[in-house]
Protein chains: 2
Amino acid sequence: MKNQNHANKKVTENVQKISEYDILKLDNQLCFSLYVCSKEIIRKYKPLLDPYGLTYTGYIILLALWEKDDITVKDLGRKLYLDSGTLTPMLKKLEALDFIKRTRGSKDERTVYIKLTKKGYEFKEEAKHIPEKMVCSLELDPKHGKEMLVSLHKMMDTFSSTELGE
Amino acid sequence: MKNQNHANKKVTENVQKISEYDILKLDNQLCFSLYVCSKEIIRKYKPLLDPYGLTYTGYIILLALWEKDDITVKDLGRKLYLDSGTLTPMLKKLEALDFIKRTRGSKDERTVYIKLTKKGYEFKEEAKHIPEKMVCSLELDPKHGKEMLVSLHKMMDTFSSTELGE
DNA sequence: TTAAATTAAATTGTAAACAATATAAATATT
DNA sequence: AATATTTATATTGTTTACAATTTAATTTAA
């Protein structure tokens, strides 16, 4: 008990005075660390994707298509949180690289369907090794990684319900 | 026991077959959710920062300066994970808005020191309300938020040690 | 059935970010 | 001291991303 008291006192001494401005400190800002981590991880992807002529954005488009092929630009945008202003040029590039094919819907001429080509489909086999390499280079504790995923997905749910709502 | 067996069987039926490709699913990719969350949160900052002529990047530069004023471009870049290609034009803009002042070091003419102006310093008072509003709009469980911060900072440490190392 | 409103994708213009390079100052080497 | 190397910032060119607008097709309302 005595000991505990003593310990507490020590802590109190060392503890920094909590200011009303603490909320403005970079280290306390979730968005800043999300922003830095995503940028830096995407930078780490670069050397792994470069050999295939892919950028991170091209890569996540393929990830989406491997889960569900033959999807409209709109649905792709909903899945990836990207709009046509970003997707249209990106998809043209992926088509030029022969990963995908874009075709106007016959029933509704406004929609454009995105389909994987043979090359695009088969690239999945090669791509399996990309996340493996990334996990290594991040030296991330898998348990914390999973917890983070859960929290981030909760957050993402609030985004889609407010803005891109259905 | 019998019951449990039965339950297990049911679960096994419902459970999706785990494939070697699961690692490629968007929902399992940490980077993708970091990327989406940071983008979407930054989007939420926009209406809060617009009235002051600030972008998110300008805002985090001010956050850094409120913690430590009179800092070189290099140190600012280290803190914010940004390079001079991004910072130089950004800092010129902040100077034009009279938030900061840029002055060449007298001892070492290569360095540029960034100092808050009166307006820049006083804006801190106003800015206090920005993160408060953000936290609300994110409806984030504070406990999960803190856990996430810890994990993200661990990750950030690995970035700086490898690339920008000192 | 025509006019108005909505929708999907494309386009245009702009800002952020980075890679690569340039410039100029400081430091190290010979 | 003169040259080479390193360092800090600036510049240039390119890509990603988004907001805002346009175009064309579809749906709704009159």
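Procedures and definitions
- Residues numbered from 1 in each chain as written.
- Chains lettered and ligands numbered in written order.
- Predicted model: local features only at pLDDT ≥ 70, side-chain atom pairs only at ≥ 80, totals over all residues.
- Heavy atoms only, no water.
- UniProt positions renumbered as here; feature names shortened; annotations may be inferred.
- Helix = DSSP H or I, 4+ residues; strand = E, 2+ residues; numbered from the N terminus.
- Contact = heavy atoms within 4.5 Å.
- Near = heavy atom within 4 Å.
- Polar contact = N/O pair within 3.5 Å; in protein donor to acceptor, adjacent residues only side chain to side chain.
- Nonpolar A, V, L, I, M, F, W, Y, C, P; charged D, E, K, R; others polar.
- Phe/Tyr/Trp six-rings, centres within 6.5 Å; stacked < 30°, edge-to-face > 60°.
- Buried < 20%, exposed > 50% of the residue type's maximum accessible area, 1.4 Å probe, protein only.
- Lys NZ or Arg CZ within 6 Å of the ring centre and 35° of its normal.
- Buried area = accessible area lost by both parts, 1.4 Å probe.
- Salt bridge = Lys/Arg side-chain N within 4 Å of Asp/Glu carboxyl O.
- pLDDT = per-residue confidence, 0-100.
- Pairing = 2+ DSSP bridges.
- Least-squares fit on C-alpha atoms with pLDDT ≥ 70 in both.

Under the annotation held in an unreviewed UniProt entry, chain A carries the name HTH-type transcriptional regulator SarZ and is attributed to Mobilitalea sibirica. As stated in UniProt under Sequence similarities (unreviewed entry), the record for chain A gives "Belongs to the SarZ family." Under the heading Subcellular location (unreviewed entry), UniProt records this for chain A: "Cytoplasm".

**Examining the environment of Leu91(B)**
Within the fold, Leu91(B) resides in helix H5 (residues 84–96). When residues no more than four places from it in sequence are discounted, the contact partners of Leu91(B) are Ile61(B), Val73(B), Leu76(B), Ile100(B), Arg102(B) and Ile114(B).

**A look at the protein's contact with DNA strand C**
Taken together, 27 residues lie around DNA strand C, and Tyr35(A), Arg43(A), Lys92(A), Thr55(B) and Thr57(B) are the ones closest in. The protein-proximal atoms of DNA strand C, defined as those within 4 Å of the protein, are 79% sugar or phosphate. At 2.6 Å from a phosphate oxygen of DNA strand C is found a side-chain nitrogen or oxygen belonging to Tyr35(A). The residue inventory of the surface near DNA strand C, partitioned by class, reads five nonpolar, nine polar and 13 charged.

**Things to note about the packing of aromatic side chains**
One pass over the structure, following the stated rule, counts 16 aromatic pairs over all chains. Measuring from centroid to centroid gives 5.6 Å for Tyr35(A) and Tyr56(B), while their planes differ by 75°, and the two rings are edge-to-face. Here the residue Tyr35(A) occupies a position in helix H2 (residues 30–49), and Tyr56(B) occupies one in helix H3 (residues 56–67), the pair thus bridging two chains. Exposure remark for Tyr56(B): the relative accessible area of 5% places this residue in the buried category. An angle of 50° between the planes, with centres 5.0 Å apart, marks the rings of Tyr45(A) and Tyr56(A) as tilted. In this pair, Tyr45(A) is assigned in helix H2 and Tyr56(A) in helix H3 (residues 56–67), connecting sequence segments 11 residues apart. Across the pair, Tyr56(A) and Tyr45(A) agree in class, each one buried. When the ring centre of Tyr21(B) is taken as origin, the NZ or CZ atom of Lys124(A), which lies over that ring, is 4.3 Å away. Between the NZ or CZ atom of Lys119(B) and the centre of the ring of Phe99(B), over which it lies, the distance is 4.3 Å.

**Some thoughts on the protein's contact with DNA strand D**
If you check the shell around DNA strand D, you find 27 residues, and the closest are Thr55(A), Thr57(A), Tyr35(B), Arg43(B) and Lys92(B). In this structure, Arg43(B) approaches DNA strand D through a side-chain N or O atom, which is 2.5 Å from a phosphate oxygen. The separation between a base oxygen of DNA strand D and a polar side-chain atom of Arg110(B) is 2.8 Å. Residue composition of the surface near DNA strand D, by class: five nonpolar, nine polar and 13 charged.

**A closer look at the interface of chain A and chain B**
With 61 residues of chain A at the contact, the number on the chain B side is 61 residues. Between chain A and chain B, the buried area comes to about 5900 Å², and carbon and sulfur atoms account for 71% of it. Counting the contacts that link chain A with chain B gives two salt bridges. Note that Glu20(B) is salt-bridged to Lys128(A), the shortest N-O span being 2.7 Å.

**With respect to the confidence of the model for chain A**
All names here are of chain A. Residues of chain A with pLDDT of at least 70 account for 86%, and the chain-wide mean is 87. pLDDT under 50 marks residues 1–12. Its contacts with residues more than four places away, or in other chains, come to zero contacts. Segment residues 162–166 is flagged for pLDDT under 50; beyond a separation of four residues in sequence, or across chains, it makes nine contacts in the model.

**Overview of the sheet that holds strand S3 (residues 112–116) of chain A**
All names here are of chain A. The antiparallel open sheet is built from three strands, whose spatial order is S1-S3-S2. Single-partner strands in this sheet number two, and they are strand S1 (71–72) and strand S2 (100–104). Where S2 lies against S3, five bridges are found, and the strand directions are antiparallel. If you follow Thr103 over to S3, its bridge partner there is Tyr113.

**A few points about the relation of the copies chain A and chain B**
Rotating chain A by 180° about the axis while translating it 0.0 Å along that axis superimposes it on chain B, leaving an RMSD of 0.0 Å. Here the copies are linked by what is in effect a two-fold axis. Looking at the interface residues of chain A, 100% of them are also at the interface in chain B, so both copies use one shared face.

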